[in-house]
Amino acid sequence: MAPPAGRRPIGHRRGGQALVAAETPLIVAGDAVAPQRTRWLSWSKLAELIGAPVMLEGVSSTCSFPFTHPLYAGSMPRLGPGIKGLLMRHDLLFSVGGDLFTLSLPSDVGSDAAGPRRRPPRRGSVGAGKNYPAAVAIQGDPKASLPELVEAVRRHAGKAATRTPASAARRWRPSTRASATTWRGRAADEARKSPMGPLALVHAVSQVVPDDVVVVDEAISSSAGIRNFFRCADSKSFFSLRGGGIGWGLPAALG
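The paragraphs below set out a description of the structure included in this document. (Residues numbered from 1 in each chain as written. Predicted model: local features only at pLDDT ≥ 70, side-chain atom pairs only at ≥ 80, totals over all residues. Heavy atoms only, no water.)

### A closer look at the nonpolar core
Stage number 1. Of all hydrophobic cores here, the largest spans 36 residues; its most connected members are Leu19, Ile27, Trp43, Leu46, Phe65 and Phe94.
Stage number 2. Apart from the residues lying within four places of it in its own chain, the contact partners of Trp43 are Ile27, Val28, Ala29, Val33, Ser64, Phe65, Phe94, Val96 and Leu146.
Stage number 3. Ranked by size, the runner-up nonpolar core spans nine residues in total, among them Met76, Ile83, Leu87 and Phe101. (Core = buried A, V, L, I, M, F, W, Y, C linked by side-chain atoms within 4.5 Å. Buried < 20%, exposed > 50% of the residue type's maximum accessible area, 1.4 Å probe, protein only. Contact = heavy atoms within 4.5 Å.)

Structure below.
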């Protein structure tokens, strides 16, 4: 049922309020966001409005946010300690269209951090609040939900007037730049070893391929380097596998 004229769904209003009120929000972009570029535009607007870094879901198979965007912060960790350490730096986690906290290996350290509140809008209803409670959950198509949420954030940001989008974005851009510098430093360290590490090779290849290259990623343990070094900026420029199987990359690239 459509809301009355001039009214917005309650979930979008509450979500907009939570995103504006958060001091250190984190956005996680799931694979369901990638198929249509209109969702990308909404992602970028939302991230810039609240000045939040954007990460890919842990086992991502698409480029669901431009790797070239200043607020792009790589992919979510896939081990419990790394996930918890990341979440402790944020007071709100906003996830759309993806699986949260997918682990490569079981861990004695829980992924859940006490601080962050979570708001996971998604296409299906199975994952919302399945393992951890959500402060606000919206079931719906991201293509329709994200523009509504962007408008809700704009309205609440105008009323609150606590910070401007530019100042909020500046807070996180040094962090994302520092992360990129760290990855390049790790690649340089591996290049000096004998034999050199795989991250050095990933970095070297990323420096010579054209910007419009289409990447098919089957690197698995080195995939994080691909997601940090390559300049994929289109939803059809990056394809990976959602599991850890070997042998998929060559036929996928040919197909």
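There's more to say after this.
### Overview of the pattern of salt bridges
Stage number 1. Within this structure, the stated rule accounts for four salt bridges.
Stage number 2. Across the pair Arg154 and Glu151 runs a salt bridge, and its minimum N-O distance is 2.9 Å. Separated by three residues within a single helix, Arg154 and Glu151 lie in helix α4 (residues 142-160), roughly one turn from each other.
Stage number 3. When the shortest N-O distance is used, the salt bridge between Asp189 and Arg192 registers 2.4 Å. (Salt bridge = Lys/Arg side-chain N within 4 Å of Asp/Glu carboxyl O. Helix = DSSP H or I, 4+ residues; strand = E, 2+ residues; numbered from the N terminus.)

### With respect to the pairing of strand β1 (residues 25-29)
Stage number 1. Of all five residues in β1, five are buried; the element is thus mostly enclosed.
Stage number 2. Neither face of β1 is open: one carries Pro25, Ile27 and Ala29, the other Leu26 and Val28, and all of them are buried.
Stage number 3. Both β1 and strand β4 (residues 92-96) contribute to a ladder of five bridges, which runs parallel. Bridge pairing in β4 links Ile27 to Phe94.
Stage number 4. Note that β1 and strand β2 (residues 54-56) share three bridges and pair parallel. In the sheet register, Ala29 faces β2, and the bridge partner there is Leu56. (Pairing = 2+ DSSP bridges.)

### Notes on the layout of surface pockets
Stage number 1. Quantified by volume, the largest pocket comes out at close to 740 Å³.
Stage number 2. Lining the largest pocket are 32 residues, with Ser75, Met76, Pro77, Trp183 and Ala224 sitting closest to its centre.
Stage number 3. Only β3 (72-75), α3 (80-87), α5 (165-191), α6 (198-208) and α7 (223-229) provide two or more residues apiece to the lining of the largest pocket.
Stage number 4. When residues in the lining of the largest pocket are grouped by element, the largest group, seven residues, is from α5.
Stage number 5. Its residues assigned to classes, the lining of the largest pocket comprises 14 nonpolar, 13 polar and five charged. (1 Å grid on protein atoms, 1.4 Å probe; cavity = no way out; pocket = protein on both sides within 12 Å on 5 of 7 lines; lining within 4 Å. Points joined across faces, edges and corners; volume = space filled by probe spheres on them. Nonpolar A, V, L, I, M, F, W, Y, C, P; charged D, E, K, R; others polar.)

### Re the side chain of His69
Stage number 1. Its location among the elements puts His69 in the loop between β2 and β3.
Stage number 2. A polar contact is formed between the side chain of His69 and the side chain of Glu48, at a distance of 2.8 Å. (Polar contact = N/O pair within 3.5 Å; in protein donor to acceptor, adjacent residues only side chain to side chain.)

### Re the state of the cysteines
Stage number 1. Under the counting rule described, the total for this entry stands at zero disulfides.
Stage number 2. Here Cys63 stays free of any disulfide, with the sulfur of Cys232 as its closest cysteine sulfur at 5.5 Å.
Stage number 3. By relative accessible area, Cys63 is classed as buried at 0%. (Disulfide = S-S within 2.5 Å.)

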